[in-house]
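Observations on the three-dimensional arrangement
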Amino acid sequence: MFSDNELDGFMGVLKKESDYMEIECGATHTKFGDSTGKLRVFQNGKLEIDCQCYHDCPQVRVSPGDFAKHVGKKMANKNWKSQIWVTNKEGRRENLWKTCLLKYHSDTFHRPVRGGTIHRDQFIRCTNCNKERRFLRRTKEECKHYHNALAVKDWKCSDMPHKRISCDDVEERESRKSCRGCPRTAKCSGCVSSLLVLSLQQVQLHPNFSPFFQKL
């Protein structure tokens, strides 16, 4: 994905996998100072940032534009390439557009599809420490990891895929758990229950409505 020579030019490289890499990044507000984050660059062109402006910030796996907007930058969706920086090996900050990190990215990539299926994050409780751990479900692979873990009766923190975590790591706060990663509403309670209620309401309005459904 990126050669060793390319990554040697940066400080703060956190991960280097076959299909993505992770690096420390940040954005600077003239009044509030620096806000840092973790930038993930995928081989298919996708970019994600976990904001670390404070402990347990709910802005996780957001787009670069949303991260810059969250920090307080103006016209972030248009200018994020020059507003977000990484640190080179000399310790100087470089805007993303000046680096090789955007070579897989295009502005037309991964636009949200209206009406597309959205899976909110879920939690599984460790049988050893009794702490709940978050499972992201944005891709088919992540959904597969969640369902595989759900099928394990004695699932433990050490079984978490693609992320090193132990029972000694702190559990997410309840205020953070309420944010499930849904782009429509931060505190999504699930679309399934809402769709069921809507369907029943539509059935009751139908001229051929049967009293049988009143028992539901």
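Residues numbered from 1 in each chain as written. Predicted model: local features only at pLDDT ≥ 70, side-chain atom pairs only at ≥ 80, totals over all residues. Heavy atoms only, no water.

Section: helix H4 (residues 140–150)
Each full turn of the α-helix corresponds to 3.6 residues, which orients residues three or four apart in the same direction. To keep things clear, this is the line we draw: We call a residue buried when its accessible area falls under 20% of the maximum for its residue type, exposed when it is over 50%, and partly exposed in between, using a 1.4 Å probe and counting protein chains only. Helix and strand assignments follow DSSP, with helices taken as H or I runs no shorter than four residues and strands as E runs no shorter than two, numbered in order from the N terminus. Of all possible arcs, the one meant is that of the directions from the helix axis to the C-beta atoms.
For H4, every residue scored as buried is listed here: Glu142, Cys143, Tyr146 and Ala149. With its buried residues spanning 130° around the axis, H4 presents them on a single face. Seen from the open side of H4, the exposed residues pointing more than 90 degrees away from its buried face are Lys140 and Lys144.

Some remarks on the confidence of the model for the protein chain
Going by this rule: For every residue, the predictor states its confidence as a pLDDT score lying anywhere from 0 to 100. In this analysis, two residues are considered to be in contact whenever any of their non-hydrogen atoms come within 4.5 Å of each other.
In the predicted model, the protein chain carries a mean pLDDT of 80, and 78% of its residues have values of at least 70. Across the protein chain, the secondary-structure element scoring lowest on mean pLDDT is helix H6 (residues 191–205), at 45, and the one scoring highest is strand E6 (residues 84–88), at 96. Residue range residues 108–115 is modelled with pLDDT below 50. Its contacts to residues more than four positions away, or to other chains, number five contacts. For residues 209–216, every residue scores under 50 in pLDDT, and the model assigns this stretch five contacts once sequence neighbours within four places are set aside.

Digging into the nonpolar core
The test is simple: Nine residue types can take part in a nonpolar core, namely buried Ala, Val, Leu, Ile, Met, Phe, Trp, Tyr and Cys, and a core is a set of them joined through side-chain atoms within 4.5 Å.
Ranked by size, the top nonpolar core spans 24 residues in total, and within it Leu39, Phe67, Ile84, Leu96 and Leu101 carry the most contacts. Considering every element that reaches this core, the biggest residue donor is strand E3 (residues 20–29), with four residues. Other than its neighbours up to four places away in sequence, Leu96 contacts Leu39, Trp80, Lys81, Ile84, Val86, Leu101 and Leu102. Within the second largest apolar cluster, nine residues are counted, among which are Cys126, Trp155, Cys157 and Met160.

Things to note about the pattern of salt bridges
Under the convention used in this document: For this document, the term salt bridge refers to a Lys or Arg side-chain nitrogen within 4 Å of an Asp or Glu carboxyl oxygen.
Applying the stated criterion across every chain yields a total of 13 salt bridges. Between Asp34 and Arg93 there is a salt bridge, and its shortest N-O distance comes to 2.5 Å. Remark: Arg93 occurs in strand E7 (residues 93–95) and Asp34 occurs in strand E4 (residues 33–42); sequence separation between them is 59 residues. Exposure remark for Asp34: the relative accessible area of 39% places this residue in the partly exposed category. One salt bridge connects Arg125 with Glu132, and the closest N-O pair in it is separated by 3.2 Å. The class for Arg125 is partly exposed, based on a relative accessible area of 40%. Several salt bridges converge on common partners, so that one network encompasses Glu22, Arg40, Lys46, Glu48, Asp50, Arg61 and Glu142.

Description of the side chain of Asp121
Inclusion rule: Any N or O atom pair separated by 3.5 Å or less is treated as a polar contact, with the protein-specific requirement of one donor-capable and one acceptor-capable atom, and with residues adjacent in sequence counted only for side-chain atom pairs.
Tracing the backbone shows Asp121 in the loop between E7 and strand E8 (122–125). Separated by 2.9 Å, the side chains of Asp121 and Arg134 make a polar contact.

Things to note about the packing of helix H2 (residues 64–71) against helix H3 (residues 76–83)
Defined as follows: The axes are straight lines fitted to the C-alpha atoms, using for helices just the contacting stretch, and the angles between their N-to-C directions are given from 0 to 180°. Oblique is the label for any angle not covered by the other classes, which are roughly parallel (under 35 degrees), roughly antiparallel (over 145) and roughly perpendicular (65 to 115). Residues are sorted three ways: Asp, Glu, Lys and Arg are charged, Ala, Val, Leu, Ile, Met, Phe, Trp, Tyr, Cys and Pro are nonpolar, and all the rest, Gly among them, are polar.
Where H2 meets H3, the closest approach of the two axes is 8 Å, and the angle between their N-to-C directions is 90°. Relative to H3, the element H2 lies roughly perpendicular. Along the contact surface, H2 presents Pro64, Gly65, Asp66, Ala68 and Lys69, while H3 presents Ala76, Asn77, Trp80 and Gln83. When its residues are assigned to classes, the contact of H2 with H3 shows four nonpolar, three polar and two charged.

Focus on the packing of aromatic side chains
Ring pairs (aromatic) are described by centroid distance and by the angle formed between their planes. Put simply, the rule reads: Pairing of aromatic rings covers Phe, Tyr and Trp, the last through its six-membered ring, and needs centres within 6.5 Å; plane angles under 30 degrees mean stacked, over 60 mean edge-to-face, and all others mean tilted.
For the coordinates displayed, the defined rule picks out four aromatic pairs. With a centroid separation of 5.6 Å and an interplanar angle of 80°, the aromatic rings of Phe2 and Tyr104 are classed as edge-to-face. Note that Phe2 is positioned in the segment before helix H1 (4–7) and Tyr104 in the loop between E7 and E8, a separation of 102 residues in sequence. Under the relative-accessibility criterion, Tyr104 is labelled partly exposed at 26%. Cluster of aromatic residues (ring-pair linked, three or more members): Phe135, Tyr146 and Trp155.

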